[in-house]
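In case you want the letters, here they are:
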Amino acid sequence: MHVRLAAQKYGKCSVLLCKVTRHASRHDITELTIDIELEGDFSESYLQGDNRRVIATDTMKNTVYALAAEQPLDDAESFTQSLAAHFLDRNAHVTAVAVRARASTWRRIDSAGAHPHAFIDGGPASRTACTRATRVETIVQGGIVGLQLLKTSDSAFRDFLRDEFTTLPDVDDRIFATVINAHWTFSSRAVDWDVAYTSIVDSMIAVFADHKSLAVQQTLFAMGDAALKSCSAIKSVHLEMQNQHRIPFNLASIGKQNRNEIFITTREPYGLITATLERDK
């Protein structure tokens, strides 16, 4: 039997980077978790153990720190582009580089105003960025993961398909709790990344709050539509929404009345609704 190497790629994952930029009046902090993935002609290493074309993953890790020291680290999108260009420009046998970054959400402690050098965890949501560069094109994505949203009204779900295994009742007013992961693709590499991120995320949050939801799917589409309208520099957005249920507790079983106030919080299992929205060409 003949066996061939059908596909291969390799890289360094979970490179933890913290940079403190020390201004005279304040310190800025950026903390990223970075994954690097290379594609190209590394077949000799797989087939023969010949590593002359292999860029050591330890070198990839060191490159993250070296480039972070040499240039401003204002946003993850720009830094992922710099890393991708570095490996592509220096290595003719590398055909594609993907660099993904996830930013921690430190915010300044409010202590008689924004503290110049003390920070607090901003919550579970993280900003993300990804650059995939080849010798033909560079694609840049931004995103947010782990965004937790909840509202206690303006959410219904009824008239869905039923069969002999269906037990879920129709509901006209329920708690809507979700964890959102969203990724958007830019149509340009010259963007004010921070402004784009803020406008996209703020627009989606505002729609979630005000939208009278007849289904998670409907709200997801409305949020993606708002994201595209809020930022002309993106051409598509992909959203994933977990439907994390709050189930009314049966207080009648213990002689009490539930006035639509007491619920069981559930994390798993959860519904997962996804969609990708693109601009009409």
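Conventions adopted
- Residues numbered from 1 in each chain as written.
- Predicted model: local features only at pLDDT ≥ 70, side-chain atom pairs only at ≥ 80, totals over all residues.
- Heavy atoms only, no water.
- Phe/Tyr/Trp six-rings, centres within 6.5 Å; stacked < 30°, edge-to-face > 60°.
- Helix = DSSP H or I, 4+ residues; strand = E, 2+ residues; numbered from the N terminus.
- Buried < 20%, exposed > 50% of the residue type's maximum accessible area, 1.4 Å probe, protein only.
- Lys NZ or Arg CZ within 6 Å of the ring centre and 35° of its normal.

It is worth spelling out the packing of aromatic side chains at this point. A full pass over the atoms with the stated rule returns 5 aromatic pairs. Pairing tryptophan 184 with tyrosine 197 gives two aromatic rings, centres 6.2 Å apart and planes at 45°, and the pair type is tilted. Within this pair, whereas tryptophan 184 is found in strand 8 (residues 176-186), its partner tyrosine 197 is found in helix 4 (residues 193-210), the two being separated by 13 residues in sequence. Of the residues examined, tryptophan 184 reaches a relative accessible area of 1% and is grouped as buried. Above the plane of the ring of tyrosine 197 lies arginine 127, whose end atom (NZ or CZ) is 4.6 Å from the centre.

Outside of glycine, negative phi angles account for most residues, and trans bonds account for most peptide bonds. A cis amide bond links glutamate 268 to the next residue, proline 269, at an omega of -5°. Residue position: proline 269 is located in the loop between strand 11 (263-265) and strand 12 (271-278). The backbone of aspartate 154 sits at a positive phi, close to 60°, despite the residue not being glycine. Locating aspartate 154 in the fold gives a position in the loop between strand 7 (138-151) and strand 8. Notably, asparagine 260 is not glycine yet its phi reads approximately 60°, a positive angle. Of note, asparagine 260 is situated in the loop between strand 10 (246-248) and strand 11.

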